Amino acid sequence: MGVRILVRILGPVEAELAGEPVPLGPPKQRAVLAVLALRPGRPTAVADLVDALWPAAPPRSALKNLQLYVHQLRKLLPGGLTFGNGAYRLDPGAYRLDADEFDARVTVARRLAAGGDLAAARDAYHDALLWWRGPALADLVGRGLLCGEAAALDQGRLRAIGESVETVLRLGGHEDLLPRLARLVADHPLHERFREQQVRALQAAGRHAEAVAAYRDAERVLADDLGVPPGPALRALAPGLRRPAAATPARVSRPVPAELPADVPDFTGRHEQVADAVAFLGRPPAAAMRIWALSGTAGVGKSCLAVHVAHRLRPHFPDGQLHVSLHGQGAHRVDPADVLARFLRALGMTDQQLPVELDERIRCYRSRLADRRVLVVLDDAADEQQVRPLLPGGPGCAAVVTSRMPLAGLAGARALHLDVLDREQAVELLAAAAGPARVAAEPAAAGAIVELCGRLPLAVRVASARLATRGHWSLNRFADRVAAGPRRLDELRVGDLDVRASFQLSYDGLEPAARRAFHLLALLDQPTVPGWLAAALLDAAPADAEDTLDQLVDAQLLQLTGADRDRYHTHDLLRVYAAEQAAVAEQAGDRAAALDRVFAAWVAAAERSAAALTGAAGAGRFGAEARRWFAREQTDVVAALGQAHRTGRWEVTWRLARALTMFLAERSQWSAWQVTHELAQDAAYRAGNADVAADLAERLGDLYRDRGRFDRAETYFRRSLELAETTGSPVRRAYALRGLGDARWGHGDAEGAVGRYVEALPLFEAAGEHQGSAHALRGLSVAYRGLGRLDEALDVARRSVGAFRALGDRSGETYARRTLGGIHLDLGHLDEAEECFLHCHADFERLGDRLGMAAALLGLGMTQVDQGRHDEARETYHRCRETFAEVADPLGEAYARRGLGDALTGSRRLDEAQAELAAALAVFVAHADLRWEAYARTSLGALFLARGEPATAREHLDRALAIFGRMGARLWSARARGLLARAGGDGAGPPPG
């Protein structure tokens, strides 16, 4: 067996493979993995998973969201996550679970302890407890998920800790245990076993007075919090505590500094980070001091988080807490020698004892802390050189360091780059000062405010403070003020809290080239900027551009993002600040030239990738690379297209839209397709280019046709035909006619569709437009099939497959073969149909065409139903529906549900079949899709016949026959008549069209 993924739930949910972290996605996706991992090999019902993910009230999209989470997890666990009988199951051979590793080691430790090998048992418990990184499922519990499962796991940990402590007590390690027991009692004040062990350890160490005090504290806490006396084990220690304590030498009192600033009373969010930091820094002393290094942009909340964590850690560091702000971003950075003087005074050294030299101060500082448990907080560090002299040397100490840039040079530090708050946490922070009632009264405005603040904690805190002092303002009014572009940063200032001033500290330290890059990046509307595009923006070689942008990243004015960390993102408020600076520092002509370079680079790259999607290249390596490029760049290309339109760059607008068409169609990206092409058509009209406008109208017709909105599709195809007439282009006219044929077919007018396709074909052939001919042939074969002219349909479909193959168009060929499979199905050639659909599914998968894969599965399911393989058909339709859901195609999901209803009817699972068919019918009626409404009613007729309800069957079949009659669908009319005859009807129906 190969290396298995390690799933970690003893702390925040994480995973790793071969020692490398594996991204697990959003919290609910991690929760799915945790639930399944805790039930190895056992099925977990879909309903149970929904209840776990949405304990209060699941949304309407719960099942769809769950399917998406499972789909993503299947990529991490190939073959390990299966579905059957309404439940998901995780194969225990596909993963390792840290909870299982912990349990196995605890079992070994218990066996060793029972056998009297206490030293080995102590080591085994230690190894077991190392698997814990904090409270179980910490990231999910903070969101109200899997609280019961987490509590059970945490109880297992506490039990093992108690057994571990007991083993050390039996070995005589009383003194060594006392710091650990003090922390355990502080963290779990109601845990009687820890209390009892603490009293016993103090007694055995000869610290009688402290033992008595510990016992009395236990009595008090149990009485105050629970109203109960100590339990039998703890109470049994009371008689021994009445003996007078032996005299002990007096101890020299050492100062215990407590320098932490006050904790933020309304600290919000960061549950995972807090839990991880407390677990990491609060562990028993190890071989080396622990360092937690926080980095992040100005205003992201580094200092607040550091202080909050430090307060949580106070019980773990009873010898004190030191704190200093190093002012690393200002003009007056604090000298480490001055900080050491302050720290040494806090630790009990007089001014006369202070060494003069830095090295001597470092040695004194580390000597004083060598055997103590002290937490050192170093806030706002400039760099590693400023930090290193201030780090303690003793393993009992720990340090929390914050800085704007990552301090990669601090050996052994656990680094955390802090990002902005999520929306929910940001709204909670806004409510803390502005008032929960005001936020609850205007939730939409509250959400708008935190988004305008970029969810940056400093900005949200300023907004909250301003609202708190202006109780007469509505949140809507304040949101409007902040949204007023140039005023945004003016609104985010109150007292000494100023977002703009916070940014200014980082900006002032930039070199001229980095400042120019910062300015120019603000010109772009797109959310991220890939490195190759940044080079065009800056008019620089890629390596030089990267060096310049790295300065902005180091200054936390720019973020690296993307799977390969090769894209740049500017926070919204930093973008506003940069635009302010650009307006002053950059000439208008320079700004326009920079935009022109960016748009030229976008057009060249997009058209190059679009060309690779067509013809023979589309099915090979170049096509795959082009699809990956579009998938990676789509959001930014769409944003660039919008900016090109906004700035009057008409040709750029339509060239980018045309380059996007095929990719957006393959991925069913309906919204992006519509927005981009409507902007592009408007650009063509504004530029007076009728030929381009005709082409874009046809592409918009394709969009609405593929969405099943045939009225809108026909409107655009007619517009394209009218424009083609004005330009005199026979090719444009042919494409418009082909589109009108598709629209007529969608309306159920198969005869009208045939007429349009037949009219288009000679125009394509005369112009040598073989691509158009191939598409028209495919449409014609579909229309012939609908009319029941199956021999003609078969011949034309084969011609269409051949035409696409001759062009090297693998995608077109595969769709044509999918049509051929449907014709074989109607002819009863079930083996040929199955072969076609399986072949299509494999080809679509190679092409990365999810919509095509779903269509192939739909045909395969129909074939399996006709073959009587109903169980296989059910699984096929489940996969089909999941795939349609992944491309956000609700009409496609309804196609799959209608097929699933047929499979369930064949399996005699009639209640389930009725539910699926009724749901599918509702979608078809809502979309005014008459053809599929008739198919669904035919299926319902068969279902109600199987239920012994012929009257209801006749009702559905009569309505189906009426639709099939108008469509001229002879084959389906015959099927419906056959069923109607079985239901006791006359089977006549309307005459066939």
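This is a predicted model, so every value here is computed, not measured. Throughout, a residue's number is its position along its own chain's written sequence, starting from 1. Restriction of local features to residues with pLDDT of at least 70 applies here, the model being predicted, together with a cutoff of 80 or more for giving and counting side-chain atom pairs; totals for whole chains, interfaces and linings are based on all residues. Excluded from the side-chain calculations are hydrogens and water; all other atoms, namely the structure's heavy atoms, are used.

Now for the overall build of the protein. The secondary structure content of the protein amounts to 47 helices and 17 strands. Projecting the C-alpha coordinates of the protein onto the three principal axes gives extents of approximately 110 × 75 × 60 Å. The 993 residues of the protein split such that 53% are buried. Here, two residues are considered to be in contact whenever any of their heavy atoms come within 4.5 Å of each other. Sequence-distant contacts, at least 24 apart, represent 65% of the contacts inside the protein between residues at least 6 apart. Throughout, the Shrake-Rupley method with a 1.4 Å probe supplies accessible areas, and for residues the shown protein chains are the sole cover considered. Entry remark: accessible area of the protein is about 41800 Å², with carbon and sulfur atoms responsible for 52%. Secondary structure elements follow DSSP: runs of H or I of four or more residues count as helices, runs of E of two or more count as strands, with numbering from the N terminus. Exposure is judged per residue with a 1.4 Å probe applied to protein chains only, and the accessible area is read against the type maximum: over 50% gives exposed, under 20% gives buried, and values in between give partly exposed.

Before going further, it helps to examine the sheet that holds strand E15 (residues 529-530). Ordered in space as E15-E17-E16, the 3 strands form an open sheet in which the pairing is antiparallel. Of all the strands in the sheet, just E15 and strand E16 (559-561) have a single pairing partner and so form its edges. The pairing criterion is simple: DSSP has to find at least two bridges between the two strands. Where E16 lies against strand E17 (residues 567-569), 3 bridges are found, and the strand directions are antiparallel. Within E17, the residue paired with Leu-560 across the bridge is Tyr-568.

Across the 6 residues of strand E11 (residues 398-403), 6 count as buried, placing the element largely inside the fold. Alternating residues of E11 divide into Ala-398, Val-400 and Thr-402 and Ala-399, Val-401 and Ser-403, and every residue in both groups is buried. As paired strands, strand E8 (residues 290-295) and E11 are joined by 6 bridges and run parallel to one another. By the bridge assignment, Leu-294 is partnered in E11 with Thr-402. Both strand E10 (residues 375-381) and E11 contribute to a ladder of 5 bridges, which runs parallel. From the neighbouring strand, Leu-378 faces E11, where its bridge partner is Val-401.

Right, let's get into the UniProt feature "repeat: TPR" (unreviewed entry) in the protein. UniProt positions are given in the numbering used here, feature names are shortened, and annotations may be inferred rather than shown by experiment. According to UniProt, the positions carrying the feature "repeat: TPR" (unreviewed entry) are residues 694-727. Summarising residues 694-727: 91% helix, 0% strand, and an end-to-end C-alpha distance of 9 Å.

We now examine the packing of aromatic side chains. Pairs were defined over the aromatic rings of Phe, Tyr and Trp, the Trp ring being its six-membered one, requiring ring centres within 6.5 Å. Orientation was assigned from the angle between planes: stacked under 30 degrees, edge-to-face over 60, tilted for the rest. Per the counting criterion, the structure on display carries 25 aromatic pairs. For the ring pair Phe-518 and Tyr-577, a centre distance of 6.2 Å and an interplane angle of 50° mean the geometry is tilted. Remark: Tyr-577 occurs in helix H28 (residues 572-585) and Phe-518 occurs in helix H25 (residues 512-521); sequence separation between them is 59 residues. With respect to burial, Phe-518 and Tyr-577 carry one shared label: buried. Consider the rings of Tyr-735 and Phe-764, whose centres lie 4.8 Å apart with planes at 75°: the pair is edge-to-face.

Looking now at the packing of helix H31 (residues 650-666) against helix H32 (residues 670-687). Note on geometry: axes are lines fitted to C-alpha atoms, helical ones only across the stretch in contact, with angles between N-to-C directions running from 0 to 180 degrees. At their nearest, the axes of H31 and H32 sit 8 Å apart, and the two run at 150° to each other. It follows from the interaxial angle that H31 and H32 lie roughly antiparallel. Crossing handedness for the pair H31 and H32: left-handed. Between H31, through Trp-650, Thr-653, Trp-654, Ala-657, Leu-660, Thr-661, Leu-664 and Ala-665, and H32, the contact on the second element is made entirely by Ala-672, Trp-673, Thr-676, His-677, Leu-679, Ala-680, Ala-683, Ala-684, Arg-686 and Ala-687. To sort the angles, those under 35 degrees are grouped as roughly parallel, those over 145 as roughly antiparallel, those from 65 to 115 as roughly perpendicular, and the leftovers as oblique. The hand of a helix crossing depends on one turn: near helix anticlockwise from the far one by less than a right angle means left-handed, and clockwise means right-handed.

Relative to the elements of secondary structure, Glu-769 occurs in the loop between helix H36 (750-766) and helix H37 (770-786). Relative accessible area serves as the criterion here: at 24%, Glu-769 is assigned to the partly exposed category. If we skip the residues at most four places from it in the chain, Glu-769 touches Val-731, Tyr-735 and Phe-764.

This part takes up the pattern of salt bridges. Here a salt bridge means any side-chain nitrogen of Lys or Arg lying within 4 Å of a carboxyl oxygen belonging to Asp or Glu. Evaluated as defined, the whole model comprises 65 salt bridges. For Arg-738, the salt bridge is made with Glu-698, and the minimal N-O distance between the two is 3.1 Å. Taken together, the residues Arg-738 in helix H35 (residues 730-746) and Glu-698 in helix H33 (residues 690-706) connect sequence positions 40 residues apart. Across this residue pair, the class does not change: Arg-738 and Glu-698 are buried. A single salt-bridge network, built from bridges that share partners, covers Glu-698, Asp-702, Arg-705, Asp-706, Arg-738 and Asp-742.

This part covers unusual backbone geometry. Of note in this structure, Leu-146 is not a glycine but carries a positive phi near 55°. If you trace the backbone, Leu-146 turns up in the loop between helix H6 (138-141) and helix H7 (147-170). When its relative accessible area of 5% is taken as the criterion, Leu-146 is described as buried. Here the phi dihedral of Ala-928 falls at roughly 55°; this positive angle occurs in a residue that is not glycine. Secondary-structure assignment places Ala-928 in the loop between helix H44 (910-926) and helix H45 (930-946).

Let us look at a nonpolar patch on the surface. Taken together, the side chains of Leu-190, Leu-226 and Val-228 define a hydrophobic patch exposed on the protein surface, amounting to about 230 Å² of accessible area. When you line up the elements, Val-228 lands in the loop between helix H10 (208-226) and helix H11 (232-235). Patch membership is restricted to residues that have no salt bridge and whose relative accessible area is over 30%. Joining uses 9 Å for like charges and 5 Å for the nonpolar side chains Val, Leu, Ile, Met, Phe, Trp and Tyr.

Here we come to helix H3 (residues 62-76). Side chains three or four residues apart in an α-helix point the same way, a direct result of the helix having 3.6 residues per turn. Compared with an ideal rise of 1.5 Å per residue, which puts 15 residues at 21 Å, H3 spans 22 Å between its outermost C-alpha atoms and is within 8% of the ideal. Buried residues of H3: Ala-62, Leu-66, Gln-67, Tyr-69, Val-70, His-71 and Leu-73, and no others. If you follow the buried residues of H3, they end up packed against helix H1 (27-37), helix H2 (46-53), strand E5 (81-84), strand E6 (87-90), helix H41 (850-866) and helix H42 (870-886). Multiply 1.5 Å by the residue count of a helix minus one, and that product is the helix's expected span.

In the cavity and pocket records, a cavity denotes points on a 1 Å grid over the protein atoms alone where a 1.4 Å probe fits but cannot get out, a pocket denotes an open set with protein on both sides within 12 Å along at least 5 of 7 lines, and lining residues are residues with an atom within 4 Å of a point. Grid points are joined across faces, edges and corners, and a volume is the space filled by probe spheres set on the points. As enumerated under the stated definition, the model contains 2 cavities of 30 Å³ or more in all. Of the volumes computed, that of the largest cavity is approximately 50 Å³. Leu-521, Gln-526, Pro-527, Thr-528, Val-529, Leu-558, Tyr-568, His-569, Thr-570 and Arg-575 together form the lining of the largest cavity. Residue polarity is assigned by list, with Asp, Glu, Lys and Arg as charged and Ala, Val, Leu, Ile, Met, Phe, Trp, Tyr, Cys and Pro as nonpolar; anything else, Gly included, falls into the polar class. Classifying every residue of the lining of the largest cavity gives 5 nonpolar, 4 polar and 1 charged. Taken as a whole, the second largest cavity holds about 30 Å³ of empty space. Listing elements by their share of the lining of the second largest cavity, those giving two or more residues are H25 and H28.

So, on to the sheet that holds E5. With antiparallel pairing, 3 strands are arranged side by side in an open sheet as E4-E6-E5. Of all the strands in the sheet, the pair left with one neighbour each is strand E4 (44-45) and E5. Strands in contact with H1 are E4, E5 and E6; relative to E6, the strand with the most contacts, it is inclined by about 75°.

Before going further, it helps to spend a moment on the nonpolar core. In this structure, Trp-292, Leu-430, Ile-449, Leu-549, Leu-552 and Phe-964 are the most contacted members of the largest nonpolar core, which totals 211 residues. Top element by residues in this core is helix H29 (residues 588-613). It accounts for 12 residues. Among buried residues, the Ala, Val, Leu, Ile, Met, Phe, Trp, Tyr and Cys ones that are joined through side-chain atoms within 4.5 Å form a nonpolar core. Membership of the second largest hydrophobic core comes to 75 residues, among which are Val-35, Val-50, Leu-81 and Leu-129.

Moving on, we come to the packing of helix H34 (residues 710-727) against H35. At a minimum axis separation of 8 Å, H34 and H35 run at an interaxial angle of 160°. The angle between the axes of H34 and H35 places the two elements in the roughly antiparallel class. Where H34 crosses over H35, the two elements pack in a sense that is left-handed. Contacts from Phe-710, Glu-714, Phe-717, Arg-718, Ser-720, Leu-721, Ala-724 and Glu-725 in H34 reach Arg-732, Arg-733, Ala-736, Leu-737, Gly-739, Leu-740, Asp-742, Ala-743, Arg-744 and Gly-746 in H35. For the contact of H34 with H35, the class distribution of residues is 8 nonpolar, 3 polar and 7 charged.

What follows deals with the environment of Leu-36. Summarising the element assignment, Leu-36 is placed in helix H1. Each C-alpha atom of the pair Leu-36 and Asp-91 lies 9.2 Å from the other, and the pair is 55 residues apart in sequence. Dropping the residues within four chain positions of it, Leu-36 is found in contact with Thr-44, Leu-49, Leu-81, Tyr-88, Leu-90 and Tyr-95.

Looking now at the side chain of Gln-643. Looking at the element boundaries, Gln-643 is found in helix H30 (residues 621-646). Here a polar contact means two N or O atoms within 3.5 Å. Within protein one must be a hydrogen donor candidate and the other an acceptor candidate, and residues neighboring in sequence count only if both atoms are side-chain atoms. At a separation of 2.9 Å, a polar atom in the side chain of Gln-643 contacts the main-chain amide nitrogen of Asp-525.

With that settled, consider helix H40 (residues 830-847). Over its 18 residues, H40 runs 25 Å from end to end, which matches the ideal 26 Å to within 8%, given 1.5 Å per residue. Burial in H40 covers these residues: Leu-830, Ala-833, Glu-834, Cys-836, Phe-837, Cys-840, His-841, Asp-843, Phe-844 and Leu-847. Among the structural elements, H30, H31, helix H39 (810-827), H41 and H42 are those in contact with the buried residues of H40. After H40 finishes, the residue Gly-848 shows a positive phi value of roughly 75°.

What follows deals with the state of the cysteines. Only a pair of cysteine sulfur atoms within 2.5 Å counts as a disulfide in this structure description. Under the counting rule described, the total for this entry stands at 0 disulfides. In this structure Cys-397 is not part of a disulfide, and its nearest cysteine sulfur, from Cys-364, lies 15 Å away.

Here Val-264 lies in the loop between helix H12 (238-241) and helix H13 (271-281). Residues Val-264 and Leu-226 lie 38 residues apart in sequence; the distance between their C-alpha atoms is 30 Å. If sequence neighbours within four positions are ignored, Val-264 has contacts with Cys-304 and Arg-461.

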